[in-house]
Amino acid sequence: MNLYVRNNTFWFELENLTRLFFPNEKINVFREFESVETPYIYTELSDRLLVRVEIGVFCEEKTAPLRDSSESNELGTVKLLYQLLRDFSGVDQPWGLLTGVRPIKLLRHLRAEIGAEKAERRFLEDYFVSPEKLRLASATEENERKVLALSRPESFSLYVGIPFCPSRCAYCSFVMASVERAKKLTQPYTDLLCEELKATAEIAADLGLRLETVYFGGGTPTTLSAEQLGQVLGTVNASFDMSSCREFTVEAGRPDTITREKLNSLKENKVSRISINPQTVSDEVLQAIGRKHTAQQFFDAFALARSCGFDNINTDLIAGLPRDTAEGFRQSLDAMLALDAECVTVHTLCMKRAATLTQDGKTLNREEAAAAREMTRYAEEALTAGGYIPYYLYRQTRMVGNLENVGWAKRGFESLYNVYVMDETHTILACGSGGVTKLKDPNSDYLSRVFNFKYPYEYIGRFDEILKRKSDIKRFYCGLHS
């Protein structure tokens, strides 16, 4: 699809909006041009401040008509294009023209700026968000407030990345290494990670920062051995001031990596929250997405974690997986409710370009979108009835059905880290390969980022450079007080 943008600086928003309706096509954006080629979308903000949008897409002799608008701003172009694409395709997007990752943060800012009633009216009338998604967003924003209130100007969270997995899931695009292929890297990586953690802890202490939460992600942290886990977890506990830490989470996401020895190591090192993620309880679907475990292995791992004393367990499900059905998803969700998991995170399949599914030619279509919307609708109804509340929400591009990911929790079991990282509330100090430190000015929305190398072999081979980059943390905080 060719997107032509004239006299409008909102070209990025127009491109993302076009992608909602043409998710399987490459969007070519032209900001300087003399003529247009079919298929095309043409947008213009004229000198008379009239918005003009035209679509030239030929499908069974159907072509959208030219439309003009008197709205005198660039946002008017985005609104008009959405209306035109909606009418042309016959598809209503549940989040309207919103394409950003953080709709809850947007709603919070609008409520603070113009009041709750006007903010919600803007979501409905200007952004074309459906009433159902507005209700979900409103409830999530309200539930986040008590978590956000815990953060102080000097607060920070610690992220620790473990970039190893038993195998790559078909929908995954994260940088990770198969533990079978990279086993020789795990011990050198573990040793250096501990060195980075010690250096980071010294910086945090020198700056007088207050640790709120710790989160081990990946990858799958529990691909490490029990001894290696103990080494890294022990380093965190010994190096950082843990007296203010409210939550210590480790993703034990893959059931086939969980053993009693590893769970005991987590427990001994004060881990208070873990994730064990089935994604589905259908063995057929698990096989289709490249998960090397069965549904029964998930149930066994969950029971084992309970027997080891874990009373705050999250489980992930994904709506819209290949070969899954609305009934199959319903069975998966009902199974999580029967387990009485403290948190259930409902993701929607995201067709990331680097993922195996996408590389193999999987595309988005209307039938799968409708099924995914039915799945998430059931999840909202069943989880609400079961006493769970939505406490954080985010979105990604190329999601099936243009939906969302929602964290649901029993009251009092909300993951603080998830809220902080999505809201960009305070600084996140990241250690490990692929880690991105996000330094937050407590008096504004300004963020500065410090990147670690993505791949484990880079992390190991260029570790001295990673330690040098840590000086950026001190420079940032010194700059705030200069």
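Rules of the game
Residues numbered from 1 in each chain as written. Predicted model: local features only at pLDDT ≥ 70, side-chain atom pairs only at ≥ 80, totals over all residues. Heavy atoms only, no water. Helix = DSSP H or I, 4+ residues; strand = E, 2+ residues; numbered from the N terminus. Buried < 20%, exposed > 50% of the residue type's maximum accessible area, 1.4 Å probe, protein only. Areas by Shrake-Rupley, 256 points an atom, 1.4 Å probe, with all protein chains shown as cover. Salt bridge = Lys/Arg side-chain N within 4 Å of Asp/Glu carboxyl O. Phe/Tyr/Trp six-rings, centres within 6.5 Å; stacked < 30°, edge-to-face > 60°. Lys NZ or Arg CZ within 6 Å of the ring centre and 35° of its normal. Pairing = 2+ DSSP bridges. Right-handed = clockwise from strand over helix to strand, strands pointing away. Expected span 1.5 Å × (residues − 1). Contact = heavy atoms within 4.5 Å. Core = buried A, V, L, I, M, F, W, Y, C linked by side-chain atoms within 4.5 Å. Polar contact = N/O pair within 3.5 Å; in protein donor to acceptor, adjacent residues only side chain to side chain. pLDDT = per-residue confidence, 0-100. Axes fitted to C-alpha atoms, helices over the stretch in contact; angles between N-to-C directions. Parallel < 35°, antiparallel > 145°, perpendicular 65-115°, else oblique. Nonpolar A, V, L, I, M, F, W, Y, C, P; charged D, E, K, R; others polar.

**Details of the overall build of the chain**
Moving on, step 1. Along the backbone of the chain there are 17 helices and 18 strands.
Moving on, step 2. Every one of the 482 residues in the chain was classed for burial, and the buried ones make up 57%.
Moving on, step 3. On the chain, roughly 20900 Å² of surface is accessible, and the fraction owed to carbon and sulfur atoms is 48%.

**Comments concerning the pattern of salt bridges**
Moving on, step 1. Inspection of the entire model under this criterion finds 30 salt bridges.
Moving on, step 2. A salt bridge links Asp126 to Arg122; its shortest N-O distance comes to 4.0 Å.
Moving on, step 3. For Asp126, a relative accessible area of 26% translates into the label partly exposed.
Moving on, step 4. Look at the salt bridges and you will find they share partners, linking Arg108, Arg111, Glu120, Glu141, Glu142, Glu144, Arg145 and Asp423 into a network.

**A few points about the packing of aromatic side chains**
Moving on, step 1. The full count for this structure, using the stated rule, is 21 aromatic pairs.
Moving on, step 2. Judged by centre distance (6.2 Å) and plane angle (85 degrees), the rings of Trp11 and Phe12 are edge-to-face.
Moving on, step 3. Owing to a relative accessible area of 27%, Trp11 belongs among the partly exposed residues under this scheme.
Moving on, step 4. A residue is classified by how much of its surface remains accessible, and Phe12, at 46% relative accessible area, is partly exposed.
Moving on, step 5. One aromatic cluster in this structure is built from Tyr4, Phe30, Phe33 and Tyr42.
Moving on, step 6. We note Arg330 situated over the ring of Tyr378; from NZ or CZ to the ring centre the distance is 5.0 Å.
Moving on, step 7. A cation sits over an aromatic face here: Arg469 above Phe453, 4.4 Å from the ring centre.

**Describing the pairing of strand β13 (residues 343-348)**
Along any regular strand, the residues point their side chains to alternate faces of the sheet.
Moving on, step 1. Of all the 6 residues making up β13, 6 are buried; the element is thus mostly covered by neighbouring parts of the structure.
Moving on, step 2. On β13, burial covers both faces: Cys343, Thr345 and His347 on one face and Val344, Val346 and Thr348 on the other are all buried.
Moving on, step 3. Where strand β12 (residues 313-319) lies against β13, 6 bridges are found, and the strand directions are parallel. Note on β13: the bridge partner recorded for Asn314 is Cys343.
Moving on, step 4. The β-α-β motif built from β12, the intervening helix α11 (residues 326-339) and the parallel element β13 has right-handed crossover chirality.
Moving on, step 5. Two elements, β13 and strand β15 (residues 405-410), share 4 bridges in a ladder whose sense is antiparallel. Within β15, the residue paired with Cys343 across the bridge is Ala409.

**A look at helix α10 (residues 295-307)**
Moving on, step 1. End to end, α10 covers 19 Å across 13 residues, agreeing with the expected 18 Å (1.5 Å per residue, within 8%).
Moving on, step 2. Taken residue by residue, α10 has Ala295, Phe298, Ala301, Phe302, Leu304 and Ala305 as its buried positions.
Moving on, step 3. Turning to α10, the residues buried within the fold contact α8 (260-268), β11 (273-275), α9 (283-288), β12 and α11.
Moving on, step 4. Immediately beyond the C-terminal end of α10, within one or two residues, lies Gly309, with a positive phi of roughly 100 degrees.

**Describing the nonpolar core**
Moving on, step 1. Ranked by internal contacts, the top residues of the largest apolar core, which has 104 residues, are Leu158 and Phe216.
Moving on, step 2. For this core, the element with the most residues is helix α6 (residues 179-207), which contributes 9 residues.
Moving on, step 3. Every residue in contact with Leu158, bar those within four places of it in the chain, is listed here: Leu197, Leu211, Thr213, Val214, Tyr215, Val236, Phe240, Leu429 and Cys431.
Moving on, step 4. Core analysis: the next-biggest nonpolar cluster, separate from the first, contains 17 residues, Tyr215, Tyr391, Leu416 and Val421 among them.

**Overview of the environment of Arg111**
Moving on, step 1. Along the chain, Arg111 turns up in helix α3 (residues 103-114).
Moving on, step 2. For Arg111, a relative accessible area of 10% puts it in the buried group.
Moving on, step 3. Residue contacts for Arg111: discarding those within four places in its chain leaves Ala116, Ala119, Glu120, Ser138, Glu141, Glu142 and Arg145.
Moving on, step 4. Side-chain polar atoms of Arg111 contact the side chain of Ser138, separated by 2.5 Å.

**Looking at the confidence of the model for the chain**
Moving on, step 1. When pLDDT is averaged along the chain, the result is 90, and 90% of the positions lie at 70 or above.
Moving on, step 2. Long-range and interchain partners of residues 354-362, a stretch whose pLDDT sits below 50, account for 24 contacts in this model, where long-range means more than four residues apart.

**Quick notes on the side chain of Thr280**
Moving on, step 1. As for its position among the elements, Thr280 is in the loop between β11 and α9.
Moving on, step 2. Overall, Thr280 belongs to the buried group, its relative accessible area being 0%.
Moving on, step 3. Within polar-contact distance, the side chain of Thr280 engages the backbone nitrogen of Ser282 at 3.1 Å.
Moving on, step 4. Here Thr280 is in contact with Val285, Leu286, Leu317, Leu321, Asp324 and Ser332, once residues within four sequence places are set aside.

**Things to note about the pairing of strand β16 (residues 427-431)**
Moving on, step 1. Of all 5 residues in β16, 5 are buried; the element is thus mostly enclosed.
Moving on, step 2. What you see with β16 is no split at all: Thr427, Leu429 and Cys431 on one side and Ile428 and Ala430 on the other are buried throughout.
Moving on, step 3. Direction of pairing for strand β6 (residues 155-162) relative to β16: parallel, over a ladder of 5 bridges. Pairing of Val160 across the sheet is with Cys431, part of β16.

**As for the environment of Asn312**
Moving on, step 1. Note that Asn312 resides in the loop between α10 and β12.
Moving on, step 2. With 40 residues separating them along the chain, Asn312 and Ser272 place their C-alpha atoms 6.9 Å apart.
Moving on, step 3. Not counting residues within four places of it along the chain, the set of residues in contact with Asn312 comprises Ser272, Arg273, Ile274, Arg306, Glu342, Cys343 and Phe413.

**Focus on the packing of helix α5 (residues 131-148) against helix α14 (residues 416-423)**
Moving on, step 1. Running from amino to carboxyl end, α5 crosses α14 at an angle of 105 degrees, the nearest separation of the two axes being 10 Å. As the angle between them shows, α5 and α14 are arranged roughly perpendicular. Contacts between α5 and α14 involve Glu144, Val147 and Leu148 on the former and, on the latter, Leu416, Val419, Tyr420 and Asp423.
Moving on, step 2. In terms of residue class, the contact of α5 with α14 is built from 5 nonpolar, no polar and 2 charged.

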